[in-house]
Amino acid sequence: MFSLKEKHLDRLNGFAFAILLAMPVIRNDIITLPGPAVVLPAFILLLTAAIRLFNYGTVKFSINSIGYFYFVLLLFLYLLLSGFWHSFGLSLTQDIIKIIFIVFVSTSVILTFNLRAAEHFVNWVIFFSVISTILLISYYVQAASLRGFGIGNYLTRAQLIGVGALACYSKLLFYPSNHKKLYLFLTGLLFLGLALSLARAAFLTGVVLAVFITLFYFHTHKAKSYTLTEWFFNKSTRILSFVFVGLVIIVAFQVERTADRLRRLLGGSIGARQDLWENSVIGFLEAPIIGYGLGSSGMVSFDSATYYPHNLYLQVLIDGGIIAFLLLLSITIFPLIYAYRLYMNGYLTLKTYIWIPIITCYSFLLLEFAKSSNFYDARVFIALGIVSVIIIDQLRRLKTK
(Lines give C-alpha, C1' and ligand atoms only; values in the text may rest on other atoms or scores of the structure.)
Protein backbone atom coordinates (compact mmCIF):
# COMPACT_ATOMS: atom_id res chain seq x y z
CA MET A 1 0.00 0.00 0.00
CA PHE A 2 2.86 2.37 0.84
CA SER A 3 4.55 2.01 -2.55
CA LEU A 4 1.24 2.31 -4.39
CA LYS A 5 0.39 5.54 -2.61
CA GLU A 6 3.85 6.89 -3.28
CA LYS A 7 3.47 6.06 -6.96
CA HIS A 8 0.22 7.98 -7.18
CA LEU A 9 1.71 11.00 -5.44
CA ASP A 10 4.71 10.97 -7.78
CA ARG A 11 2.47 10.71 -10.85
CA LEU A 12 0.44 13.65 -9.60
CA ASN A 13 3.58 15.69 -8.90
CA GLY A 14 4.99 15.11 -12.38
CA PHE A 15 1.66 15.96 -13.98
CA ALA A 16 1.20 19.14 -11.91
CA PHE A 17 4.69 20.41 -12.68
CA ALA A 18 4.17 19.77 -16.41
CA ILE A 19 0.83 21.61 -16.24
CA LEU A 20 2.65 24.55 -14.64
CA LEU A 21 4.98 24.72 -17.66
CA ALA A 22 2.14 24.25 -20.16
CA MET A 23 -0.38 26.56 -18.46
CA PRO A 24 0.27 29.69 -20.62
CA VAL A 25 -0.26 27.62 -23.77
CA ILE A 26 -3.28 25.81 -22.31
CA ARG A 27 -4.92 29.14 -21.43
CA ASN A 28 -4.25 30.61 -24.87
CA ASP A 29 -4.77 27.64 -27.20
CA ILE A 30 -6.98 25.11 -25.45
CA ILE A 31 -9.28 26.51 -22.78
CA THR A 32 -9.91 29.99 -21.42
CA LEU A 33 -8.94 30.13 -17.76
CA PRO A 34 -8.63 33.07 -15.36
CA GLY A 35 -5.13 34.30 -14.49
CA PRO A 36 -5.15 32.84 -10.94
CA ALA A 37 -5.58 29.34 -12.45
CA VAL A 38 -1.80 29.19 -12.85
CA VAL A 39 -1.59 28.80 -9.06
CA LEU A 40 -3.54 25.52 -9.10
CA PRO A 41 -0.66 23.21 -10.18
CA ALA A 42 1.56 24.70 -7.47
CA PHE A 43 -1.16 24.05 -4.87
CA ILE A 44 -1.35 20.43 -6.08
CA LEU A 45 2.39 20.08 -5.52
CA LEU A 46 2.07 21.55 -2.03
CA LEU A 47 -0.92 19.34 -1.27
CA THR A 48 0.99 16.18 -2.15
CA ALA A 49 3.79 17.36 0.14
CA ALA A 50 1.29 17.81 2.96
CA ILE A 51 -0.12 14.32 2.34
CA ARG A 52 3.38 12.86 2.36
CA LEU A 53 4.21 14.61 5.63
CA PHE A 54 0.92 13.55 7.21
CA ASN A 55 1.30 9.90 6.22
CA TYR A 56 5.02 9.43 6.78
CA GLY A 57 5.93 12.22 9.18
CA THR A 58 9.11 13.37 7.47
CA VAL A 59 10.66 14.54 4.20
CA LYS A 60 14.32 13.83 3.52
CA PHE A 61 16.58 16.49 2.03
CA SER A 62 20.18 16.40 0.90
CA ILE A 63 22.59 19.11 1.98
CA ASN A 64 23.09 20.16 -1.64
CA SER A 65 19.38 20.58 -2.40
CA ILE A 66 18.80 22.48 0.85
CA GLY A 67 21.84 24.69 0.16
CA TYR A 68 20.64 25.37 -3.37
CA PHE A 69 17.13 26.18 -2.12
CA TYR A 70 18.63 28.53 0.47
CA PHE A 71 20.44 30.50 -2.24
CA VAL A 72 17.23 30.70 -4.28
CA LEU A 73 15.41 32.15 -1.26
CA LEU A 74 18.30 34.52 -0.57
CA LEU A 75 18.21 35.88 -4.13
CA PHE A 76 14.49 36.58 -4.13
CA LEU A 77 14.49 37.95 -0.59
CA TYR A 78 17.20 40.39 -1.66
CA LEU A 79 15.21 41.38 -4.75
CA LEU A 80 12.15 41.99 -2.59
CA LEU A 81 14.21 44.14 -0.22
CA SER A 82 15.53 46.10 -3.19
CA GLY A 83 12.03 47.47 -3.59
CA PHE A 84 12.84 49.82 -0.69
CA TRP A 85 15.35 51.69 -2.88
CA HIS A 86 13.25 51.46 -6.04
CA SER A 87 14.14 54.53 -8.11
CA PHE A 88 11.11 55.28 -10.30
CA GLY A 89 8.10 55.33 -7.99
CA LEU A 90 6.18 52.75 -10.03
CA SER A 91 3.88 50.01 -8.74
CA LEU A 92 5.77 46.88 -7.73
CA THR A 93 2.69 44.75 -7.02
CA GLN A 94 3.00 42.46 -10.04
CA ASP A 95 6.72 41.81 -9.57
CA ILE A 96 6.22 41.09 -5.86
CA ILE A 97 3.38 38.65 -6.60
CA LYS A 98 5.52 36.90 -9.22
CA ILE A 99 8.46 36.57 -6.81
CA ILE A 100 6.22 35.17 -4.06
CA PHE A 101 4.83 32.68 -6.58
CA ILE A 102 8.35 31.59 -7.60
CA VAL A 103 9.20 30.97 -3.94
CA PHE A 104 5.91 29.11 -3.45
CA VAL A 105 6.55 26.84 -6.45
CA SER A 106 10.17 26.25 -5.39
CA THR A 107 9.08 25.28 -1.87
CA SER A 108 6.44 22.92 -3.23
CA VAL A 109 8.96 21.24 -5.54
CA ILE A 110 11.65 20.67 -2.94
CA LEU A 111 9.07 19.09 -0.63
CA THR A 112 7.69 16.70 -3.24
CA PHE A 113 9.99 15.84 -6.12
CA ASN A 114 12.03 12.69 -6.65
CA LEU A 115 13.29 10.52 -9.50
CA ARG A 116 9.93 8.94 -10.25
CA ALA A 117 8.12 12.29 -10.29
CA ALA A 118 10.78 13.62 -12.67
CA GLU A 119 10.13 10.73 -15.08
CA HIS A 120 6.41 11.52 -15.10
CA PHE A 121 7.16 15.21 -15.60
CA VAL A 122 9.22 14.46 -18.72
CA ASN A 123 6.49 12.22 -20.16
CA TRP A 124 3.74 14.77 -19.55
CA VAL A 125 5.83 17.60 -21.00
CA ILE A 126 6.23 15.59 -24.20
CA PHE A 127 2.47 15.00 -24.27
CA PHE A 128 1.57 18.68 -23.85
CA SER A 129 4.23 19.66 -26.41
CA VAL A 130 2.69 17.30 -28.97
CA ILE A 131 -0.78 18.77 -28.36
CA SER A 132 0.62 22.30 -28.73
CA THR A 133 2.42 21.35 -31.96
CA ILE A 134 -0.73 19.80 -33.46
CA LEU A 135 -2.71 22.95 -32.64
CA LEU A 136 0.05 25.12 -34.14
CA ILE A 137 0.04 23.10 -37.37
CA SER A 138 -3.75 23.44 -37.48
CA TYR A 139 -3.36 27.25 -37.43
CA TYR A 140 -1.16 27.06 -40.52
CA VAL A 141 -3.62 24.70 -42.22
CA GLN A 142 -6.52 27.05 -41.50
CA ALA A 143 -4.53 30.01 -42.81
CA ALA A 144 -3.49 27.96 -45.87
CA SER A 145 -0.19 29.81 -45.77
CA LEU A 146 3.33 29.45 -44.40
CA ARG A 147 3.84 33.19 -44.02
CA GLY A 148 3.40 32.94 -40.24
CA PHE A 149 1.66 36.28 -39.73
CA GLY A 150 -1.27 36.51 -37.32
CA ILE A 151 -0.01 33.74 -35.01
CA GLY A 152 0.52 35.06 -31.48
CA ASN A 153 1.74 33.68 -28.16
CA TYR A 154 4.78 32.28 -29.94
CA LEU A 155 7.35 32.77 -27.16
CA THR A 156 5.56 30.68 -24.51
CA ARG A 157 4.50 28.12 -27.11
CA ALA A 158 8.09 27.77 -28.34
CA GLN A 159 9.33 27.26 -24.78
CA LEU A 160 6.91 24.39 -24.22
CA ILE A 161 7.58 22.76 -27.60
CA GLY A 162 11.34 23.22 -27.23
CA VAL A 163 11.41 21.56 -23.82
CA GLY A 164 9.26 18.70 -25.13
CA ALA A 165 11.35 18.25 -28.28
CA LEU A 166 14.63 18.02 -26.35
CA ALA A 167 13.12 15.73 -23.72
CA CYS A 168 11.79 13.41 -26.44
CA TYR A 169 15.09 13.51 -28.32
CA SER A 170 17.00 12.66 -25.14
CA LYS A 171 14.74 9.67 -24.56
CA LEU A 172 15.19 8.54 -28.15
CA LEU A 173 18.97 8.66 -27.88
CA PHE A 174 19.62 7.37 -24.38
CA TYR A 175 16.65 5.34 -23.13
CA PRO A 176 16.62 1.61 -23.87
CA SER A 177 13.09 1.31 -25.20
CA ASN A 178 10.96 -0.77 -27.52
CA HIS A 179 9.29 2.44 -28.72
CA LYS A 180 12.11 3.90 -30.78
CA LYS A 181 9.89 4.45 -33.82
CA LEU A 182 7.34 6.31 -31.71
CA TYR A 183 10.03 8.55 -30.19
CA LEU A 184 11.50 9.05 -33.66
CA PHE A 185 8.14 10.22 -34.99
CA LEU A 186 7.49 12.47 -31.97
CA THR A 187 10.98 13.98 -32.19
CA GLY A 188 10.44 14.88 -35.83
CA LEU A 189 6.98 16.29 -35.09
CA LEU A 190 8.16 18.42 -32.16
CA PHE A 191 11.17 19.84 -33.97
CA LEU A 192 8.84 20.62 -36.86
CA GLY A 193 6.64 22.47 -34.36
CA LEU A 194 9.66 24.35 -33.08
CA ALA A 195 10.55 25.34 -36.65
CA LEU A 196 6.99 26.62 -37.19
CA SER A 197 6.76 28.36 -33.81
CA LEU A 198 8.10 31.72 -35.15
CA ALA A 199 10.54 32.00 -32.23
CA ARG A 200 13.84 32.06 -34.11
CA ALA A 201 16.01 32.15 -30.97
CA ALA A 202 14.20 29.22 -29.36
CA PHE A 203 14.47 27.29 -32.62
CA LEU A 204 18.21 27.89 -32.91
CA THR A 205 18.73 27.05 -29.24
CA GLY A 206 16.84 23.78 -29.67
CA VAL A 207 18.88 22.86 -32.74
CA VAL A 208 22.21 23.67 -31.06
CA LEU A 209 21.33 21.62 -27.97
CA ALA A 210 20.12 18.76 -30.17
CA VAL A 211 23.44 18.75 -32.01
CA PHE A 212 25.30 18.84 -28.69
CA ILE A 213 23.46 15.88 -27.16
CA THR A 214 23.80 13.98 -30.45
CA LEU A 215 27.57 14.44 -30.33
CA PHE A 216 27.51 13.43 -26.66
CA TYR A 217 25.57 10.29 -27.56
CA PHE A 218 27.95 9.18 -30.30
CA HIS A 219 30.94 10.06 -28.10
CA THR A 220 29.64 7.79 -25.33
CA HIS A 221 28.34 5.02 -27.62
CA LYS A 222 31.38 4.25 -29.73
CA ALA A 223 31.40 1.16 -31.90
CA LYS A 224 33.35 -1.74 -30.42
CA SER A 225 33.08 -5.00 -32.32
CA TYR A 226 30.57 -3.88 -34.96
CA THR A 227 31.28 -3.61 -38.63
CA LEU A 228 30.45 -0.22 -40.13
CA THR A 229 27.27 -1.63 -41.69
CA GLU A 230 26.15 -3.16 -38.38
CA TRP A 231 26.88 0.10 -36.56
CA PHE A 232 24.71 2.13 -38.94
CA PHE A 233 21.95 -0.48 -38.69
CA ASN A 234 22.01 -0.39 -34.89
CA LYS A 235 22.02 3.41 -34.84
CA SER A 236 19.58 3.90 -37.70
CA THR A 237 16.74 5.55 -35.76
CA ARG A 238 19.14 7.86 -33.96
CA ILE A 239 20.91 8.84 -37.18
CA LEU A 240 17.54 9.45 -38.84
CA SER A 241 16.46 11.65 -35.94
CA PHE A 242 19.55 13.79 -36.46
CA VAL A 243 18.59 14.08 -40.14
CA PHE A 244 15.16 15.29 -39.00
CA VAL A 245 16.82 18.09 -37.08
CA GLY A 246 18.54 19.17 -40.28
CA LEU A 247 15.29 18.99 -42.25
CA VAL A 248 13.43 21.25 -39.84
CA ILE A 249 16.04 23.95 -40.43
CA ILE A 250 14.94 23.89 -44.07
CA VAL A 251 11.29 24.01 -42.94
CA ALA A 252 11.99 27.05 -40.74
CA PHE A 253 13.22 28.99 -43.77
CA GLN A 254 9.93 28.26 -45.53
CA VAL A 255 8.04 30.34 -42.95
CA GLU A 256 8.31 33.89 -44.28
CA ARG A 257 8.17 35.60 -40.87
CA THR A 258 10.78 33.27 -39.35
CA ALA A 259 13.01 33.28 -42.42
CA ASP A 260 13.16 37.07 -42.41
CA ARG A 261 14.21 37.10 -38.76
CA LEU A 262 16.78 34.36 -39.28
CA ARG A 263 18.32 36.21 -42.23
CA ARG A 264 18.61 39.38 -40.16
CA LEU A 265 20.15 37.39 -37.31
CA LEU A 266 22.65 35.68 -39.61
CA GLY A 267 23.42 39.09 -41.03
CA GLY A 268 24.53 40.27 -37.60
CA SER A 269 21.36 42.08 -36.51
CA ILE A 270 19.64 41.14 -33.23
CA GLY A 271 16.99 43.81 -33.67
CA ALA A 272 15.62 45.76 -30.72
CA ARG A 273 17.53 43.57 -28.26
CA GLN A 274 20.75 45.36 -29.18
CA ASP A 275 19.41 48.66 -27.84
CA LEU A 276 17.93 46.90 -24.81
CA TRP A 277 21.21 45.24 -23.90
CA GLU A 278 23.32 48.33 -24.55
CA ASN A 279 21.02 50.48 -22.39
CA SER A 280 21.04 47.81 -19.69
CA VAL A 281 24.84 47.69 -19.53
CA ILE A 282 25.09 51.48 -19.42
CA GLY A 283 22.42 51.65 -16.72
CA PHE A 284 24.10 48.95 -14.64
CA LEU A 285 27.42 50.79 -14.71
CA GLU A 286 25.70 53.82 -13.18
CA ALA A 287 24.44 51.80 -10.16
CA PRO A 288 26.60 48.66 -10.03
CA ILE A 289 26.53 47.63 -6.38
CA ILE A 290 22.88 47.45 -5.28
CA GLY A 291 21.12 48.36 -8.51
CA TYR A 292 18.10 50.60 -9.02
CA GLY A 293 15.68 48.43 -7.06
CA LEU A 294 13.01 45.89 -7.91
CA GLY A 295 11.08 46.55 -11.13
CA SER A 296 13.50 49.15 -12.49
CA SER A 297 14.89 47.19 -15.44
CA GLY A 298 12.16 48.24 -17.87
CA MET A 299 12.70 51.93 -17.24
CA VAL A 300 16.48 51.66 -17.49
CA SER A 301 16.59 49.49 -20.61
CA PHE A 302 13.58 50.77 -22.54
CA ASP A 303 12.03 53.69 -20.64
CA SER A 304 8.94 51.55 -20.06
CA ALA A 305 7.57 50.20 -16.79
CA THR A 306 6.06 47.16 -18.52
CA TYR A 307 9.20 46.09 -20.40
CA TYR A 308 12.31 44.11 -19.44
CA PRO A 309 15.82 43.60 -20.90
CA HIS A 310 15.14 40.13 -22.37
CA ASN A 311 18.10 38.76 -20.44
CA LEU A 312 17.82 37.41 -16.90
CA TYR A 313 21.35 38.47 -15.92
CA LEU A 314 20.95 42.04 -17.17
CA GLN A 315 17.52 42.29 -15.59
CA VAL A 316 18.84 41.23 -12.19
CA LEU A 317 21.95 43.41 -12.56
CA ILE A 318 19.75 46.47 -13.04
CA ASP A 319 17.28 45.63 -10.28
CA GLY A 320 19.67 44.22 -7.66
CA GLY A 321 23.17 45.10 -8.77
CA ILE A 322 26.23 42.91 -8.56
CA ILE A 323 25.07 41.29 -5.31
CA ALA A 324 21.90 39.89 -6.89
CA PHE A 325 23.83 38.98 -10.04
CA LEU A 326 26.32 36.81 -8.13
CA LEU A 327 23.48 35.03 -6.35
CA LEU A 328 21.70 34.45 -9.66
CA LEU A 329 24.87 33.26 -11.38
CA SER A 330 25.51 30.74 -8.61
CA ILE A 331 22.03 29.21 -8.77
CA THR A 332 21.90 29.08 -12.58
CA ILE A 333 25.26 27.42 -13.21
CA PHE A 334 25.38 25.13 -10.15
CA PRO A 335 23.08 22.38 -11.58
CA LEU A 336 25.23 22.21 -14.74
CA ILE A 337 28.54 22.18 -12.88
CA TYR A 338 27.23 19.68 -10.32
CA ALA A 339 25.97 17.33 -13.04
CA TYR A 340 29.22 17.59 -14.98
CA ARG A 341 31.35 16.93 -11.90
CA LEU A 342 29.35 13.88 -10.83
CA TYR A 343 29.30 12.54 -14.39
CA MET A 344 33.07 12.86 -14.67
CA ASN A 345 33.45 11.12 -11.29
CA GLY A 346 31.23 8.22 -12.38
CA TYR A 347 28.21 8.96 -10.21
CA LEU A 348 25.97 9.77 -13.18
CA THR A 349 26.04 7.04 -15.78
CA LEU A 350 24.24 6.47 -19.04
CA LYS A 351 22.21 3.80 -17.22
CA THR A 352 20.64 6.46 -14.99
CA TYR A 353 18.85 8.13 -17.85
CA ILE A 354 16.55 10.71 -16.27
CA TRP A 355 19.28 13.27 -15.54
CA ILE A 356 19.95 13.72 -19.27
CA PRO A 357 16.53 15.10 -20.37
CA ILE A 358 16.20 17.12 -17.15
CA ILE A 359 19.58 18.83 -17.56
CA THR A 360 18.96 19.34 -21.30
CA CYS A 361 15.56 20.95 -20.66
CA TYR A 362 17.05 23.09 -17.88
CA SER A 363 19.77 24.27 -20.29
CA PHE A 364 17.15 25.16 -22.89
CA LEU A 365 15.17 27.28 -20.41
CA LEU A 366 18.36 28.93 -19.16
CA LEU A 367 19.20 30.03 -22.69
CA GLU A 368 15.61 31.14 -23.26
CA PHE A 369 15.63 33.42 -20.24
CA ALA A 370 19.03 34.70 -21.32
CA LYS A 371 17.57 36.17 -24.51
CA SER A 372 13.78 36.28 -24.51
CA SER A 373 11.74 36.11 -21.33
CA ASN A 374 10.97 38.07 -18.20
CA PHE A 375 12.98 36.68 -15.27
CA TYR A 376 10.09 37.19 -12.86
CA ASP A 377 8.10 34.68 -14.92
CA ALA A 378 10.84 32.07 -14.49
CA ARG A 379 8.97 29.93 -11.95
CA VAL A 380 9.40 26.67 -13.89
CA PHE A 381 13.03 27.44 -14.75
CA ILE A 382 13.98 28.09 -11.11
CA ALA A 383 12.01 25.06 -9.93
CA LEU A 384 13.62 22.88 -12.62
CA GLY A 385 17.02 23.91 -11.27
CA ILE A 386 15.93 22.59 -7.86
CA VAL A 387 14.60 19.41 -9.49
CA SER A 388 17.95 18.94 -11.26
CA VAL A 389 19.87 19.13 -7.99
CA ILE A 390 17.39 16.79 -6.26
CA ILE A 391 17.58 14.02 -8.86
CA ILE A 392 21.34 14.32 -9.27
CA ASP A 393 21.72 13.93 -5.50
CA GLN A 394 19.38 10.93 -5.46
CA LEU A 395 21.30 9.28 -8.30
CA ARG A 396 24.56 9.92 -6.46
CA ARG A 397 23.18 8.23 -3.34
CA LEU A 398 21.98 5.26 -5.39
CA LYS A 399 25.46 4.89 -6.86
CA THR A 400 27.14 4.91 -3.45
CA LYS A 401 24.84 2.31 -1.89
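Our subject is the structure listed above.
Notes on the structure in this doc start here. (Residues numbered from 1 in each chain as written. Predicted model: local features only at pLDDT ≥ 70, side-chain atom pairs only at ≥ 80, totals over all residues. Heavy atoms only, no water.)

### Considering the overall build of the protein
Assigned secondary structure in the protein consists of 16 helices and 0 strands. The buried share of the protein, reckoned over its 401 residues, is 52%. A separation of at least 24 residues holds for 80% of the contacts in the protein among residues at least 6 apart in sequence. (Helix = DSSP H or I, 4+ residues; strand = E, 2+ residues; numbered from the N terminus. Buried < 20%, exposed > 50% of the residue type's maximum accessible area, 1.4 Å probe, protein only. Contact = heavy atoms within 4.5 Å.)

### A short note on the nonpolar core
In this structure, Phe17, Phe113 and Phe375 are the most contacted members of the largest nonpolar core, which totals 116 residues. Residues in contact with Phe17, not counting those within four places in the same chain, are Leu45, Val109, Phe113, Phe121, Val380, Ala383, Leu384 and Val387. (Core = buried A, V, L, I, M, F, W, Y, C linked by side-chain atoms within 4.5 Å.)

### So, the packing of helix 3 (residues 63-81) against helix 14 (residues 312-344)
Interaxial distance between helix 3 and helix 14 falls to 10 Å at its minimum, and their mutual angle equals 155°. Classified by the interaxial angle, the pair formed by helix 3 and helix 14 is roughly antiparallel. Here the hand of the crossing between helix 3 and helix 14 comes out left-handed. When helix 3 is examined against helix 14, the residues Asn64, Tyr68, Phe71, Val72, Leu74, Leu75, Tyr78 and Leu79 are found in contact with a partner set consisting of Asp319, Gly320, Ile323, Ala324, Leu327, Leu328, Ser330, Ile331, Phe334, Pro335 and Tyr338. (Axes fitted to C-alpha atoms, helices over the stretch in contact; angles between N-to-C directions. Parallel < 35°, antiparallel > 145°, perpendicular 65-115°, else oblique. Left-handed = near helix turned anticlockwise from the far one by under 90°.)

### Side note on helix 7 (residues 180-196)
Between the first and last C-alpha of helix 7 there are 24 Å, a value that for 17 residues agrees with the 24 Å anticipated at 1.5 Å per step. With 13 of its 17 residues buried, helix 7 lies for the most part within the structure. Two residues or fewer after helix 7 comes Leu198, characterised by a positive phi angle close to 80°. (Expected span 1.5 Å × (residues − 1).)

### What to know about the pattern of salt bridges
One pass over the structure, following the stated rule, counts 6 salt bridges. In this structure, Asp10 and Arg52 form a salt bridge, with 3.2 Å as the shortest nitrogen-oxygen distance. Remark: Arg52 occurs in helix 2 (residues 39-56) and Asp10 occurs in helix 1 (residues 2-30); sequence separation between them is 42 residues. Among the ionic pairs, Asp377 bridges to Lys98, the shortest N-O distance being 3.2 Å. (Salt bridge = Lys/Arg side-chain N within 4 Å of Asp/Glu carboxyl O.)

### Some words on unusual backbone geometry
The backbone phi angle of His310 is positive, close to 60°, even though this residue is not glycine. For His310, the position within the fold is in the loop between helix 13 (297-302) and helix 14.

### Section: a nonpolar patch on the surface
A surface patch of nonpolar side chains, amounting to about 270 Å² of accessible area, comprises Tyr70, Phe71 and Leu74. Classification of Phe71 as partly exposed rests on a relative accessible area of 37%. (Patch = residues over 30% accessible without salt bridge, like charges linked within 9 Å, V, L, I, M, F, W, Y side chains within 5 Å. Areas by Shrake-Rupley, 256 points an atom, 1.4 Å probe, with all protein chains shown as cover.)

### Details of the environment of Leu155
Secondary-structure assignment places Leu155 in helix 6 (residues 154-174). Among the residues examined, Leu155 registers a relative accessible area of 29% and is labelled partly exposed. A sequence separation of 45 residues divides Leu155 from Arg200, and the C-alpha atoms of the two residues are 9.5 Å apart. Contact partners of Leu155, with chain neighbours within four places excluded, come to Ala199 and Ser372.

### Things to note about empty space enclosed by the protein
All chains considered together, the criterion is met by 1 cavity of 30 Å³ or more. Estimates place the volume of the largest cavity at around 40 Å³. Taken together, Ala22, Val25, Ile26, Ile30, Phe128, Ile131, Ser132 and Leu160 form the lining of the largest cavity. Mapped onto the lining of the largest cavity, the elements with two or more residues apiece are helix 1 and helix 5 (115-143). When residues of the lining of the largest cavity are assigned to their parent elements, the largest contribution, 4 residues, is made by helix 1. Considering only residue class, the lining of the largest cavity consists of 7 nonpolar, 1 polar and no charged. (1 Å grid on protein atoms, 1.4 Å probe; cavity = no way out; pocket = protein on both sides within 12 Å on 5 of 7 lines; lining within 4 Å. Points joined across faces, edges and corners; volume = space filled by probe spheres on them. Nonpolar A, V, L, I, M, F, W, Y, C, P; charged D, E, K, R; others polar.)

This is a description of form; function is not addressed.
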